[in-house]
Amino acid sequence: AGPTAVSTGQLPGAAAVEGLVRAAWERYAPVTDGKVADYIPVLAAARPDWFGLCVAAVDGTLHAAGEADRAFSIQSISKPFVFALVCQALGGGRARECIGVNATGLPFNSVMAIELNRDRTMNPMVNAGAIATTSLVPGRTHAEKWRFLLEGLSRFAGRDLAMDAAVYASEAATNQRNQGIARLLQGYGRMYCDPDEATDLYTRQCAVNVTARDLAVMGATLADGGVNPVTRDRVLDADRCQRVLAVMATAGLYEQSGDWLYEVGLPGKSGVAGGLVTIAPGKGGLGTFSPPLDEAGNSVRGQLATRFLSEQLGLNLF
Ligand code: DON
């Protein structure tokens, strides 16, 4: 189906959005493509038929279908929100100097991307840039830094989030590659606290449980210039919010970010547990959950449902 509207004004009325969210679920629930992630052992237990979606409008209205309340680990979708918190603390200019904002065009856990980039800065949406981002989290102790992360992510969601201890343990036992990335960055002067501490905090932030509904609210907070549309809490200043959307557009779906922008025309961010968040600036946030992933690590059903909703709701920014 082609676009039914151009990107102006607000979302269509609540009944229309509700109907389209349901239609997206029905249309893509039968899809069987993709593979559930298993490189973090505990994630392999996810069922491939789980599928939930939610749209949150900037007026705080929510529309959900399927398993929008099933908890899963946020994984890489923590990256834009932690970047947002660090930007808020440091300012967008300093964050760019320390972390970098350019696309790598390479897989999310690429070591070569660090080697190929002359100044060793990395986009905060890939692991190297994300671990560098986490190493900038303010706090005197590990516990203080972790509290900053968990409280900050919770403010985006508008409720108290918690870490999934089993996911954390599973990834902490198998994240040697991320430990290596953190040490390599340290060697290049691009790690801003102890590399093991940064990797541990990053592993914890990835293990925070969310639902598709949470992702929609978190996305709507970025769509609303940094104000959570449900709690009305200002989590982020508007100028920082713009920077976050820019890095998401650049690398939110890794090496497929160009294809994503070409088709969907919105900033998004995926996670290996099957989550996907997409932001329609000024309008709302879309959260989807479906564990089977494509080769780049992006949820297959999530991408299809989001593309459908972007077209039908006229969200494409271009
Ligand atoms: O660093 C990792 O490998 C995971 N904690 C997160 C990766 C991820 O979600 C990549 N996404 N699609």
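These numbers come from a predicted model, not from an experiment. (Residues numbered from 1 in each chain as written. Predicted model: local features only at pLDDT ≥ 70, side-chain atom pairs only at ≥ 80, totals over all residues.)

(A) Representation of the overall build of the protein chain within the structure. A count of helices and strands for the protein chain gives 13 helices and seven strands. A globule of 318 residues ought to have a C-alpha radius of gyration of about 20 Å, and the protein chain, at 18 Å, matches this closely. C-alpha atoms of the protein chain, sized along the principal axes, occupy 55 × 40 × 35 Å. The buried share among the 318 residues of the protein chain stands at 57%. For the protein chain, the proportion of contacts with a sequence separation of at least 24, taken over those separated by at least 6, is 71%. (Helix = DSSP H or I, 4+ residues; strand = E, 2+ residues; numbered from the N terminus. Rg over C-alpha atoms; globule rule 2.2 N^0.38 Å. Buried ≥ 20, exposed ≤ 12 C-beta atoms within 10 Å, placed from the backbone. Contact = placed C-beta atoms within 7 Å.)

(B) Inspection of the sheet that holds strand β2 (residues 62–66) at higher detail. Taken in spatial order, the five strands of this open sheet run β2-β1-β7-β6-β5, and their pairing is antiparallel. Sheet topology places β2 and β5 (268–270) at the edges, where each strand pairs with a single neighbour. Neighbour-to-neighbour, the strand axes of this sheet turn through a mean angle of 10 degrees, independent of strand direction. Seen against the sheet, helix α1 (residues 14–28) touches β1 (52–57) and β2 and runs at an angle of roughly 20 degrees to β2. (Pairing = 2+ DSSP bridges. Axes fitted to C-alpha atoms, helices over the stretch in contact; angles between N-to-C directions.)

(C) How the structure looks around helix α7 (residues 165–172). For α7, the set of buried residues is Val167, Ser170 and Glu171. Buried residues of α7, viewed axially, fall in a sector of 90 degrees; they line one side. Buried residues belonging to α7 abut β3 (72–73) and α9 (195–206). (Arc of directions from axis to C-beta.)

(D) Summary view of the pairing of strand β7 (residues 284–289). Counting buried residues in β7 gives six out of six residues, a clear majority hidden from the surface. In β7, alternate side chains face the same way, and those of Gly284, Leu286 and Thr288 on one face and Gly285, Gly287 and Phe289 on the other are all buried. Here β1 runs beside β7; their pairing, made up of six bridges, is antiparallel. Bridged to Val55 within β7 is Leu286.

(E) A look at the domain arrangement of the protein chain. Taken as a whole, the protein chain is organised into domain 1 (14–75 + 208–312) and domain 2 (77–206). Inter-centroid distance (C-alpha atoms) of domain 1 to domain 2 is 20 Å. With 41 residues of domain 1 at the contact, the number on the domain 2 side is 38 residues. Elements with a contribution of two residues or more to the side of domain 1 that touches domain 2: β4 (209–210), α10 (212–223), α11 (238–251), β5 and β6 (275–280). (Domains from an automatic or database assignment.)

(F) Spatial organisation of the site of the ligand. Every residue lining the ligand is accounted for by Gln75, Ser76, Phe108, Asn109, Asn127, Glu171, Asn178, Cys206, Ser270, Gly271, Val272 and Gly297. When we break the shell around the ligand down by domain, the ones giving at least three residues each are domain 1 (14–75 + 208–312) and domain 2 (77–206). (Near = placed C-beta within 6 Å.)

(G) Focus on the packing of helix α2 (residues 78–90) against α11. Packing of α2 against α11 leaves a shortest axis separation of 9 Å and a crossing angle of 145 degrees. Here α2 and α11 pass one another in a crossing that is right-handed. In this structure, α2 contributes Pro80, Phe83, Ala84, Cys87 and Gln88 to the contact, and α11 contributes Arg240, Arg243, Val244, Val247 and Met248. For the contact of α2 with α11, a count of residues per class yields seven nonpolar, one polar and two charged. (Left-handed = near helix turned anticlockwise from the far one by under 90°. Nonpolar A, V, L, I, M, F, W, Y, C, P; charged D, E, K, R; others polar.)

(H) A look at the UniProt feature "binding site: substrate" (unreviewed entry) in the protein chain. Here the UniProt-annotated "binding site: substrate" (unreviewed entry) positions come out as Ser76, Asn127, Glu171, Asn178, Tyr202, Tyr254 and Val272. With respect to the helices and strands, the residue Asn178 is situated in helix α8 (residues 176–187). Excluding residues within four positions of it along the chain, Asn178 makes contact with Asn127, Ile131, Thr199 and Tyr202. Checked against the element boundaries, Val272 lands in the loop between β5 and β6. A tally of 24 C-beta atoms within 10 Å means that Val272 is categorised as buried. Each residue touching Val272, except ones within four places of it in the same chain, is listed here: Ala37, Ile40, Leu43, Gln75, Ser76, Leu293 and Gly297. (UniProt positions renumbered as here; feature names shortened; annotations may be inferred.)

(I) Structural context of the nonpolar core. Ranked by size, the top nonpolar core spans 102 residues in total, and within it Leu53 and Ala216 carry the most contacts. Residues lining this core come from more than one domain, with at least three contributed by each of domain 1 (14–75 + 208–312) and domain 2 (77–206). Leave out the neighbours within four places in its chain, and Ala216 touches Cys54, Val55, Ala56, Leu62, Gly285, Leu286 and Gly287. (Core = buried A, V, L, I, M, F, W, Y, C linked by C-beta atoms within 7 Å.)

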